[in-house]
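# Notes for the structure review
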Amino acid sequence: MVLWTGGILVLVLAFGVQQEYLNHRFPSPSEWSWVTRKDWRSARWQEDHEEDGVNLVDWARTGEAYRQLLRRLEDPNIDGAGLADADEGGILVAGIGKTGCDISKKSEPWRRGYYEILMGAARAAEHLDGYVRDKTRNVAFPANVVIGPSNPNPRPVPPGSKSAPREEDCEAAFEGPEVYYMRVLTTQGFTDKQRIDAALAYAVWLDYKRTPEAALEMHRWALDIVASKSEKPAIDLTTGVIRTDSGLPSANVLSVATALGVHHAVNSNLTLALPIFLSILRARRSLPEIPTTMRSTLTPDEEEKGLLSTVREMIHSIIAPPQYPPPPDDGTSPPQRTPKERCEEAGIMTYIGEILYASKLTRTSREDGLAWTREAVDLAEEELRRKGVDKDAKKKCKQCLEVGLSNWMAMVGKMAREEREAKDGQSSGWLGFGGEKKDTVGRWESEEQVIIERMRRARDILDPGKSRVLSGSALSV
């Protein structure tokens, strides 16, 4: 009896310690019920689970966790008191079902948590696209392993997996992503930024599914949200170009314009993408600099903290109950040129370089593309080596530096090959006789060596696991 009691107490203690750890890692709105908060922490932990850098998310389980959370938040007898239909009786959309409700009476933390759950369910739906659920075992499988008339040549299940399901026992594993993205877009009470982020995420998904026309409609929806707050929109609703006479652009305007430019670039509409990116770069360079007196407070250098201060903060974080983070910026005001914003600027320059190079109208155009790419690499590396850069800025700068170096190598590599082929053709002479081969290093071959040295130098500021991607290319040339 003592052993049983002791074992139960140990399990209860372990559960309590785990929940306290997860509560600090994934805080939740205090007004949610205890069970909802516990389920929220579990869902976030499942989605965030990695082992040795490999993502091991069980999306079927994670998606069901988010779906259960939505049921609790929308149940007036649990955590959904005060919710109302956006319109009388709600709206039914074919293939989607009932759209969003009115949550404007709920607190900001409640609304933000609800938004995060809807977006989490949308992510799960994207990962479970093409999966089915075996109703007899409640297990998700790829549709191509199902045994049945509609799949006469099923693929074998991976080693260690459960046996393949029969078609008559299966149903769709999850709703489509559009169900949850449209819920965000049609819910009253979300901020413009939240609705814009949902529209742009849905547009990326539609581009991935190779439906560019539908993706463009989502971009237009995001444009309409941005334009609805002013009589004279800061962005041209037809072209997506940021106007020069509209003053400083808001973060939402920059986000929507960038996403539209990427959409056009992905779908090879380079003549539409280039003016957008140039207008974004011009707008970003007009943003105000951070006041010198604020730099140390906005980007503190962690290395300058004393040991005593670090220990004090650690003890306080363990003892004190975690607070739900304050609301993020709503995107309606112009951002300042922080390190992160400068690296966003470097990313735009990378896109411009890709477009100029890929257009291949003239040799000058290709060299202009290279020049833009070099400048983007210099800017990203400069910001990444700057002291006091915060975590988000470092992440963005690393992405820009990796892509910029990879594009630079791809561009120069192609021109170096052309240079070598031209040199070999000249050295062969007439009918292969009389030519004298000169062992000289060409301009682009020399630049190749410069890039290799830059890659080697960049390894000390990039994650070791990620620096290996620099040998590849993000550019199709």
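Values in this document were obtained by computation on a predicted structure and should not be read as measured data.

Conventions and cut-offs
The residue count restarts for each chain, going from 1 along the sequence in the order it is written. At least 70 in pLDDT is required for a residue's local features to be given in this predicted model, at least 80 for side-chain atom pairs to be given and counted, and no such filter applies to totals for whole chains, interfaces and linings, which use all residues. The basis for every side-chain value is the complete set of heavy atoms in the structure, and neither hydrogens nor water enter the calculation. For helices the rule is a DSSP run of H or I covering at least 4 residues; for strands it is a run of E covering at least 2, with both sets numbered from the N terminus onward. To sort residues, take the accessible area from a 1.4 Å probe on protein chains only and compare it with the maximum for the residue type: under 20% means buried, over 50% means exposed, and anything in between is partly exposed. We call two residues contacting when some pair of their heavy atoms lies within 4.5 Å. Computed with a 1.4 Å probe, the accessible areas rest on the Shrake-Rupley method; for each residue, only the protein chains presented here act as cover. Values of pLDDT, ranging from 0 to 100, describe the predictor's confidence in every residue of the model. What a helix is expected to span follows from its residue count: subtract one and scale by 1.5 Å. Angles shown run from 0 to 180 degrees and are taken between the N-to-C directions of axes, each axis being a line fitted to C-alpha atoms and, for helices, limited to the stretch in contact. Throughout, the term roughly parallel applies to angles under 35 degrees, roughly antiparallel to angles over 145, roughly perpendicular to angles from 65 to 115, and oblique to all others. Residues were grouped as follows: Ala, Val, Leu, Ile, Met, Phe, Trp, Tyr, Cys and Pro as nonpolar; Asp, Glu, Lys and Arg as charged; and all remaining residues, including Gly, as polar. Note on aromatic pairs: the rings of Phe, Tyr and Trp (six-membered ring only in Trp) are paired at centre separations within 6.5 Å, and the planes decide the class, stacked below 30 degrees, edge-to-face beyond 60, tilted for the rest. Crossing handedness is defined as follows: a turn of the near helix away from the far one that is anticlockwise and smaller than a right angle gives a left-handed crossing, while the clockwise case is right-handed. Any two strands are treated as partners once DSSP identifies two or more bridges connecting them.

### Describing the overall build of the chain
- Each helix and strand in the chain was counted, giving 16 helices and eleven strands.
- Split into buried and exposed, the 477 residues of the chain put 41% on the buried side.
- Considering only residue pairs separated by 6 or more positions, the chain has 65% of its internal contacts joining residues 24 or more positions apart.
- Carbon and sulfur atoms make up 55% of the accessible area of the chain, which totals about 27,000 Å².

### Details of the confidence of the model for the chain
- Per-residue confidence for the chain gives a mean pLDDT of 83, with 79% of residues at or over 70.
- Between residues 299-304, whose pLDDT stays under 50, and residues either more than four places distant or in other chains, the model counts four contacts.
- Under a pLDDT of 50 for its full length, residues 464-477 has, in the predicted model, 25 contacts with residues more than four places off or in other chains.

### Digging into helix 12 (residues 339-359)
- The end-to-end C-alpha separation of helix 12 is 30 Å, in line with the 30 Å expected for 21 residues at 1.5 Å each.
- Of all 21 residues in helix 12, 16 are buried; the element is thus mostly enclosed.
- Immediately downstream of helix 12, the backbone of Lys360 shows phi near 50°, a positive value.

### Observations concerning the packing of helix 6 (residues 192-208) against helix 8 (residues 251-266)
- One way to put it is that helix 6 packs onto helix 8 with a least axis distance of 11 Å and a crossing angle of 5°. It follows from the interaxial angle that helix 6 and helix 8 lie roughly parallel. For the pair helix 6 and helix 8, contact is made by Asp192, Lys193, Ile196, Leu200 and Asp207 and by Asn252, Ser255, Val256, Ala259 and His263, respectively.
- Among the residues making up the contact of helix 6 with helix 8, the classes are represented as four nonpolar, three polar and three charged.

### Overview of the packing of aromatic side chains
- Taken as a whole and assessed by the stated rule, the structure comprises eight aromatic pairs.
- Between the aromatic rings of Trp32 and Trp40, the centroid separation amounts to 5.9 Å while the plane-to-plane angle is 80°, which identifies the pairing as edge-to-face.
- Given the relative accessible area of 3%, Trp32 is considered buried.
- Among the aromatic residues, those joined into a cluster by ring pairs are Trp110, Tyr114, Tyr115 and Phe190.

### Here's the deal with the packing of helix 9 (residues 270-285) against helix 12
- Packing of helix 9 against helix 12 leaves a shortest axis separation of 10 Å and a crossing angle of 150°. With respect to helix 12, the axis of helix 9 lies roughly antiparallel. Handedness of the helix 9/helix 12 crossing: left-handed. Residue-level contacts link Leu270, Ala273, Leu274, Phe277, Leu278, Ile280, Leu281, Arg284 and Arg285 of helix 9 to Glu341, Glu344, Glu345, Ile348, Met349, Tyr351, Ile352, Ile355, Leu356, Ala358 and Ser359 of helix 12.
- When its residues are assigned to classes, the contact of helix 9 with helix 12 shows 14 nonpolar, one polar and five charged.

### Overview of the pairing of strand 8 (residues 139-142)
- Going residue by residue along strand 8, you find Val139 and Phe141 tucked away on one face and Ala140 and Pro142 left uncovered on the opposite face.
- Relative to strand 8, strand 7 (residues 131-134) is paired through four bridges, and the arrangement is antiparallel. Paired with Val132 across the strands is Phe141, a residue of strand 8.
- The antiparallel pairing of strand 7 with strand 8 creates a hairpin that spans four residues between the two strands, and Asn138 there sits at a positive phi of about 55°.

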